[in-house]
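Each chain, letter by letter, is given below.
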Protein chains: 4
Amino acid sequence: MQIEKYKIDEHNQSMLKEHRRRFDFIAAGVSDAEAILKKLIDFQVAIPSWALGTGGTRFGRFSGGGEPRSLEEKIEDVGLLHALNRSSGAISLHIPWDIPGNPAAIKALAAQFGLRFDAMNSNTFQDQPGQQYTYKYGSLQNVKKEVRRQAIDHNIEVINYGKQLGSDSLTVWLSDGSCFPGQLNFRQAFQHTLEGLQEIYAALPGNWKMFVEYKAFEPNFYSMTVGDWGQSLLYASKLGPKAYTLVDLGHHLPNANIEQIVALLLMEGKLGGFHFNDSKYGDDDLTVGSIKPYQLFLIFNELVEGMDARGMDHARDLGWMIDASHNVKDPLEDLLQSVEAIMLTYAQALLIDRKKLVATQLANDAVAAQEILQNTFRTDTRALVAEARLRAGAALDPLALYRNERVREHLVKERGAGTVATGL
Amino acid sequence: MQIEKYKIDEHNQSMLKEHRRRFDFIAAGVSDAEAILKKLIDFQVAIPSWALGTGGTRFGRFSGGGEPRSLEEKIEDVGLLHALNRSSGAISLHIPWDIPGNPAAIKALAAQFGLRFDAMNSNTFQDQPGQQYTYKYGSLQNVKKEVRRQAIDHNIEVINYGKQLGSDSLTVWLSDGSCFPGQLNFRQAFQHTLEGLQEIYAALPGNWKMFVEYKAFEPNFYSMTVGDWGQSLLYASKLGPKAYTLVDLGHHLPNANIEQIVALLLMEGKLGGFHFNDSKYGDDDLTVGSIKPYQLFLIFNELVEGMDARGMDHARDLGWMIDASHNVKDPLEDLLQSVEAIMLTYAQALLIDRKKLVATQLANDAVAAQEILQNTFRTDTRALVAEARLRAGAALDPLALYRNERVREHLVKERGAGTVATGL
Amino acid sequence: MQIEKYKIDEHNQSMLKEHRRRFDFIAAGVSDAEAILKKLIDFQVAIPSWALGTGGTRFGRFSGGGEPRSLEEKIEDVGLLHALNRSSGAISLHIPWDIPGNPAAIKALAAQFGLRFDAMNSNTFQDQPGQQYTYKYGSLQNVKKEVRRQAIDHNIEVINYGKQLGSDSLTVWLSDGSCFPGQLNFRQAFQHTLEGLQEIYAALPGNWKMFVEYKAFEPNFYSMTVGDWGQSLLYASKLGPKAYTLVDLGHHLPNANIEQIVALLLMEGKLGGFHFNDSKYGDDDLTVGSIKPYQLFLIFNELVEGMDARGMDHARDLGWMIDASHNVKDPLEDLLQSVEAIMLTYAQALLIDRKKLVATQLANDAVAAQEILQNTFRTDTRALVAEARLRAGAALDPLALYRNERVREHLVKERGAGTVATGL
Amino acid sequence: MQIEKYKIDEHNQSMLKEHRRRFDFIAAGVSDAEAILKKLIDFQVAIPSWALGTGGTRFGRFSGGGEPRSLEEKIEDVGLLHALNRSSGAISLHIPWDIPGNPAAIKALAAQFGLRFDAMNSNTFQDQPGQQYTYKYGSLQNVKKEVRRQAIDHNIEVINYGKQLGSDSLTVWLSDGSCFPGQLNFRQAFQHTLEGLQEIYAALPGNWKMFVEYKAFEPNFYSMTVGDWGQSLLYASKLGPKAYTLVDLGHHLPNANIEQIVALLLMEGKLGGFHFNDSKYGDDDLTVGSIKPYQLFLIFNELVEGMDARGMDHARDLGWMIDASHNVKDPLEDLLQSVEAIMLTYAQALLIDRKKLVATQLANDAVAAQEILQNTFRTDTRALVAEARLRAGAALDPLALYRNERVREHLVKERGAGTVATGL
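Residues numbered from 1 in each chain as written. Chains lettered and ligands numbered in written order. Predicted model: local features only at pLDDT ≥ 70, side-chain atom pairs only at ≥ 80, totals over all residues. Heavy atoms only, no water.

Under an unreviewed UniProt entry, the name given to chain A is Putative sugar isomerase R00627, and the source organism is Puia dinghuensis.

Shown next, in the form of structure tokens:
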């Protein structure tokens, strides 16, 4: 299923007048609207292949039908999203769920949709059929050399798939850890993991990056061997210049100040990328911005400030990816909402008057600093982002068009009501 | 120090053109702007007398100067806020910090500023000079009858002060609890507390309400005898129809869903009032809306929905009060920011299309429900609230006027740089 | 597989001398050892049928082999545990995972092992094959009447199975809630749920109890419709005298004071039962006592104190059950460890000198109160519990005997390495 | 007030028979009791001078009387504790609260009591009378150079006092941070702080250590500039080999795995010292071991394992200090309880069969690993620690002797009921 261009044009035409009214209003209050629009058009968020199916919990999964049955269909789904919003121009694959039988063909298919391949993801948190050794007690941390070997080899295999697809980064998320005190020697687990990462690192092509993702808990409930940004940074520092920390918004202890972590990682030149989602309790994997939109804004504030301070390219120098899972929503609708939340927030961060903010900071004027941030956050950037979409050839209201076109209905008809995509 | 009317008019005149542009934009998108403006004008948030001085922590207090030295000066300060925003038409006193020497004169003074007396607050969490028994081990929960007696009598005394001032409610916040396992018999502590509250309840005038405030921790760090909404509701139910639960936004365990608590208390007819502030970790007492503005919106969503369902008067049927403390800001500026955050959020809650929201709920359409809430939250209501202020005779931008008029400078000149107001 | 009596005797004989040394030491320091031993022998903890297989997370499940393939085998497993410790004399079933084809035969089988049927558990958090309506958007809370009807009927069906097996209670755990703000009208969700519970309540036999279990989050990540003890108590109070609150140790927000909740529920006569497990982050379902053993002790302190104050029978007047899940342990070993932790802690709670504790509380002597609790907790009760087991005909060291007899090996041989029991 | 030697002897004599019974029992089960006793005798925990008075919260302070009025009296108090338990042979001073007028005399006085001077503590979280610049907006992080200069100079002054007293370490705890988003540039705050620490570091004598203490929140409630172990390690690594991280048990986000942090810091050679206390919610500063004794055990497990792996001297190579504050207990009693909890737990950690534990870890046998840790934790080490005290010339039951000798009564008589020691 594809959305044809004329459908988008019709949709935009029907909304254009009201859009103009709204855009003119916001544009009149912004000094560098054109520069901001350009940045918004450039900014792309990768879609993870596993987010295209309904996400489940250990208590069950309630599929909504029409889920992609193959890598090809996953690419089609992302292509559809990208056609709608022109901000989802990349896909992040997961091995072994998305092994490309014919990499060249897959690459060509993606290119047709304007998609590139973002970070590759390995999986050593589950046992696959036919796998020789179990990851029940961890992978890279494992006390058994042969298990570590298997996990290292798997990661190198993932790199190889990525090379063929034109990806240039590997995200290593390890569920390694322990459920009970005493189960693990923390130091040894760290050392084993480091050694494994070093071998994988050595297999990276010259232009690749490795993202070391951390997580506070789940599926291990006593300790995690890459448990927080401090641990991840330690690994990344010991590994070398191609290794970076990856931040997933749902992977922290309660009340963590994530924006400060982001700022410090950028300061150290060690922030690699982002997994966007939202959460209230733990790794809830909810729609981006659905629970704590102001926190998202504060994070983008640090991203823009910190990247600009290092002369980084917003669109290219960090890995941007959604990592959400969703039991009660149509996954594609959820992704549209997530991308929208990211774009609106990025736009707000671009609107912050940084000179004024610095001046308030130098004056220890917390009241004025708050005014600047809050007034920017209170600014309605929907028309700005819509205008960027309009100029990029996307839909003014992607979700509305998705619904009007009854996309899910078509997908169910095409693929069946009982399809279940690979993933959690 | 007062802000004269003509200053406000001048200020408004200078901003009027831009305000019109902004107001016209938002008004064009709202069907019942007039009705909403009326509600905004009616809505008043009480200022607690203890928030007029710099708040401290156990690690220190950094006074900013010009703090009110007497109850009269506190009323002047609130009068000043109310002149600026016409939304702070009430003051909440704390006994013994604010014992009115001449109640009639105090009442008259307040009336001059257009202020009424909101809930009276008792204090049994500190020992006062000359006090016979210590509250070191609690007040109403105390194992010693004479301590409980003293605490009960104090509360009745507070009611009596309130009667003279025209207040009609008593907020009982107890710091009672324990710091160590074994220190307390939980059941007995509850029973003692209930008996004490019953005596105080019996002393309430016919038209009064009693607000039973809960708090999860601090200053007791093992247990609190009114520790959560469940406990507070238990007390309020046993006490009778004049007893209600009071919700303070900073008094919960991490990640609590406060808006659900609010909805259920309204369902039970037992929500009495609110202490607004914001927090990231505990009872941080930060400026309202400065950390989790979306949570504040979701709470107001439930408040409006729940009050409307019971036919309640938004402005009069619940007690609205700020309870913030602020070490790094000018307290008056902080209060202006807090009131502004409340008004903007209340305005957004009024804008929610309830019929549509109900329809999405009946269709189990979580995506559309989220769209409705988020699109409303993304709506910039600043011009709407400013218009309400304009019509009420207040300033379009209270904080800007406060700064332009150099109010703090005047207060410091008048009262001295070393003054410290009573409070925490 | 069964452990024959003579094996237990041999095992005990081999350990007897050292046991005597240890038991004599502890007995010399305890005034009423015999009374305590009697209580320990009486105390039985129900084993949930779903804990007999390896528990998983949404990230995977690592079965260890030899898992029970049928209800009969589950009963055999519990029989085996009970033979080893004589403290696991009950089993708690879950419908539809454990539908008894021939209830009379099942009942007889259980009786052979000395087992009775504890609380029945319904399941409306998953969709079953062939089920007419989905629980994707909740069961009793559902906006659709037909879904609520289906969930009510299911619960009544569960009661009917329970009647045939001699159970006398129903545990209702609802995963109902929402993942996104706006998805649900909280008040309506509560009312629908209450009405459903009322219908189920009406179907309870005269001597039955209904346990309303609460949980703070998971699998819903924004709100839970029975989310905390306050909500559960509200339901239970509205339902009537047969309805009680059930406390699961892993179902709270971070830092909750669970022992105080227990004390207050006992005070209200509304504590119904317990799901024992342990957790560090959320509903981690770890082995009882493996993370916070002192918290477990403080909870048992309140249980013993509160039950004695109401003249309740420790062994019979509350429902005691383990609810753990375990990805990295042999489930049967884990259950042996869990039961052991419960027995040791119960023994400690029985050893508390309550008169002295009350005296310290009346003297506000927090230091002495802490001394009493901590000195009791520091008392090594292992020999006391072992003696109780010895007298009851069980093994001095159940886990050691289990391992010596290579039970798991036998079970794998008998049932296969790839068996996966029903459950999470 | 001092406890004369003969009083201790009489006390010990009266308890000796029962002690023997208990010690013989435990000694019979331990293979290397003598070696353990030696380690217990060697182990000393420093007492902070500010813990000798009643601690308060922002809601009030309830002094118990007899608090030390001078540095000399503080040393006497610690001397008294040390006489009672022979495990409190060091005192940690806080400048400016404890400026020694005559350092030589103070040193001699301490020596009389067998006390040495542990880490010196600076204070840049409060303004002192006569101080030129305010720390309202931070100290080393401050945007104003003159404030940073003042804070640096203060720390160097503290080092100088320490040199005269024979201390060899400086603990830097900074309350620096922010209360509101936007108030601070995180990166700049870090850089300023680093530069300040570098200047202080340069002033350290050759044999000194600097401890960089971290804290998650309070008194700043949005961000802390040394907020977690990751940040502290970053500072310590950039500073050099004399800089270390200091862990305070109450300074973490909810649910943090502190023992893992300890293990990793030891692995990096960057763990410097410990502030012992306990907490349920935040920096509650409760008595050590009063809330989570098993966590304390797991931490000591890592400490012993990690120090042994590096060949470190348990008693000398890390800084051990209590940092508790206590509103409802006699501070000296509280310190006796805290030291006791530390010693009992250290004894347990020494009892762990490390060879067996390693074997279980290499076998991925989580059940057996838990058995080893829990059985050790369940072992009652009270008689072992008492024996160590007996051999060191201290009291078998320090708290009982303290109470029998009515020490507090004497102190109140000597110093007055209204004395308030410096501190929080």
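Peer 1: For this particular structure, what's the right way to read the relation of the copies chain C and chain D?
Peer 2: Here the second copy of the chain follows from the first by a rotation about an axis and a shift along it. For the pair chain C and chain D, the superposition axis carries a translation of 0.0 Å, the fit reaches an RMSD of 0.0 Å, and the rotation angle comes to 180°. Both copies are brought into coincidence by an operation consistent with a two-fold rotation axis. Relative to the rotation axis, the C-alpha of Asp380(C) is the closest in chain C, positioned 2.9 Å from it. When the interface residues of chain C are mapped onto chain D, 100% of them again lie at the interface, so the same face is used by both copies. (Least-squares fit on C-alpha atoms with pLDDT ≥ 70 in both. Contact = heavy atoms within 4.5 Å.)

Peer 1: What am I meant to see in the pattern of salt bridges here?
Peer 2: Between side chains of opposite charge, a pair can form when the charged atoms approach closely. Scanning the model with the defined rule gives 128 salt bridges over all chains in all. A salt bridge links Arg21(B) to Glu18(B); the shortest N-O distance between them is 3.3 Å. Here Arg21(B) and its partner Glu18(B) are both found in helix α1 (residues 5-28), three residues apart, which amounts to about one turn of the helix. Between Glu73(B) and Arg69(B) there is a salt bridge, with its nearest N and O atoms 2.5 Å apart. We classify Glu73(B) as buried; its relative accessible area is 11%. Within the structure, one salt-bridge network assembled from shared partners comprises Arg58(A), Lys215(C), Glu218(C), Asp283(C) and Asp285(C). (Salt bridge = Lys/Arg side-chain N within 4 Å of Asp/Glu carboxyl O. Helix = DSSP H or I, 4+ residues; strand = E, 2+ residues; numbered from the N terminus. Buried < 20%, exposed > 50% of the residue type's maximum accessible area, 1.4 Å probe, protein only.)

Peer 1: It is not clear to me how the packing of helix α9 (residues 293-309) of chain B against helix α10 (residues 331-351) of chain B should be interpreted in this structure. Could you clarify?
Peer 2: Any two packed helices are characterised by the angle at which their axes cross and by the distance between the axes. Residue and element names in this part refer to chain B. In contact at an axis separation of 9 Å, α9 and α10 are set at 55° when each is read in the N-to-C sense. Comparing the axis directions of α9 and α10 gives the class oblique. For the crossing formed where α9 meets α10, the hand is right-handed. Residues Leu296, Phe297, Phe300, Asn301 and Val304 of α9 touch α10, and the partners they reach there are Ala341, Ile342, Thr345, Tyr346, Gln348, Ala349 and Leu350. (Axes fitted to C-alpha atoms, helices over the stretch in contact; angles between N-to-C directions. Parallel < 35°, antiparallel > 145°, perpendicular 65-115°, else oblique. Left-handed = near helix turned anticlockwise from the far one by under 90°.)

Peer 1: Which parts of the structure should I look at to understand the packing of aromatic side chains?
Peer 2: Using the criterion set out here, one finds 80 aromatic pairs over all chains in the structure. Taking 5.1 Å as the distance between ring centres and 50° as the angle between the ring planes, the aromatic pair formed by Trp173(A) and Phe59(C) counts as tilted. With Trp173(A) in strand β5 (residues 169-173) and Phe59(C) in the loop between β1 (46-48) and α3 (71-85), the pair connects residues from two separate chains. Side by side, Trp173(A) and Phe59(C) carry an identical accessibility label, which is buried. Relative to Phe300(C), the ring of Phe276(C) lies with its centre 5.6 Å away and its plane at 10°, an arrangement referred to as stacked. Of this pair, Phe276(C) sits in strand β10 (residues 271-276) while Phe300(C) sits in helix α9 (residues 293-309), and the two are 24 residues apart along the sequence. Among the aromatic residues, those joined into a ring-pair cluster are Phe43(A), Phe274(A), Phe276(A), Phe300(A), Trp320(A) and Tyr346(A). One Lys or Arg, Lys270(A), reaches over the ring of Tyr244(A) and ends 5.6 Å from the middle of that ring. (Phe/Tyr/Trp six-rings, centres within 6.5 Å; stacked < 30°, edge-to-face > 60°. Lys NZ or Arg CZ within 6 Å of the ring centre and 35° of its normal.)

Peer 1: Just to check I follow, could you spell out the relation of the copies chain A and chain D for this structure?
Peer 2: Each copy superposes on the other: chain A lies on chain D with an RMSD of 0.0 Å after a rotation of 180° and an axial shift of 0.0 Å. Of all interface residues in chain A, 100% are interface residues in chain D too; the two copies therefore contact each other through one and the same surface.

Peer 1: What's the story with the packing of helix α3 (residues 71-85) of chain A against helix α4 (residues 103-112) of chain A in this structure? I'm lost.
Peer 2: Residues and elements named next belong to chain A. At a minimum axis distance of 9 Å, the contact between α3 and α4 shows a crossing angle of 15°. What the angle tells us is that α3 and α4 run roughly parallel. Between α3 and α4 the crossing geometry is right-handed. Seen from α3, the contacting residues are Leu71, Glu72 and Ile75; seen from α4, they are Ile106, Leu109 and Ala110.

Peer 1: Help me understand the interface of chain A and chain D, please; the structure alone is not making it clear to me.
Peer 2: One widely used convention gives an interface's size as the accessible area the parts lose upon coming together. Counting residues at the interface gives 50 residues for chain A, matched by 50 residues for chain D. For the pairing of chain A and chain D, the buried interface totals around 4500 Å² over both sides, and the portion due to carbon and sulfur atoms is 59%. When the area that chain A buries against chain D is broken down by residue, the three leading residues are Phe186(A), Arg187(A) and Asn364(A), summing to 15%. Scanning the region where chain A abuts chain D turns up four salt bridges. Across the salt bridge formed by Glu305(A) and Arg187(D), the nearest N and O atoms sit 2.8 Å from each other. Linking chain A to chain D there are 17 residue pairs in polar contact (both at pLDDT 80 or more). Broken down by secondary-structure element, the contributors of at least two residues to the side of chain A that touches chain D are α6 (186-202), β8 (223-224), α7 (229-239), α8 (258-267), α9 (293-309), α11 (354-362) and α12 (366-377) of chain A. In terms of residue class, the side of chain A that touches chain D is built from 26 nonpolar, 16 polar and eight charged. (Buried area = accessible area lost by both parts, 1.4 Å probe. Polar contact = N/O pair within 3.5 Å; in protein donor to acceptor, adjacent residues only side chain to side chain. Nonpolar A, V, L, I, M, F, W, Y, C, P; charged D, E, K, R; others polar.)

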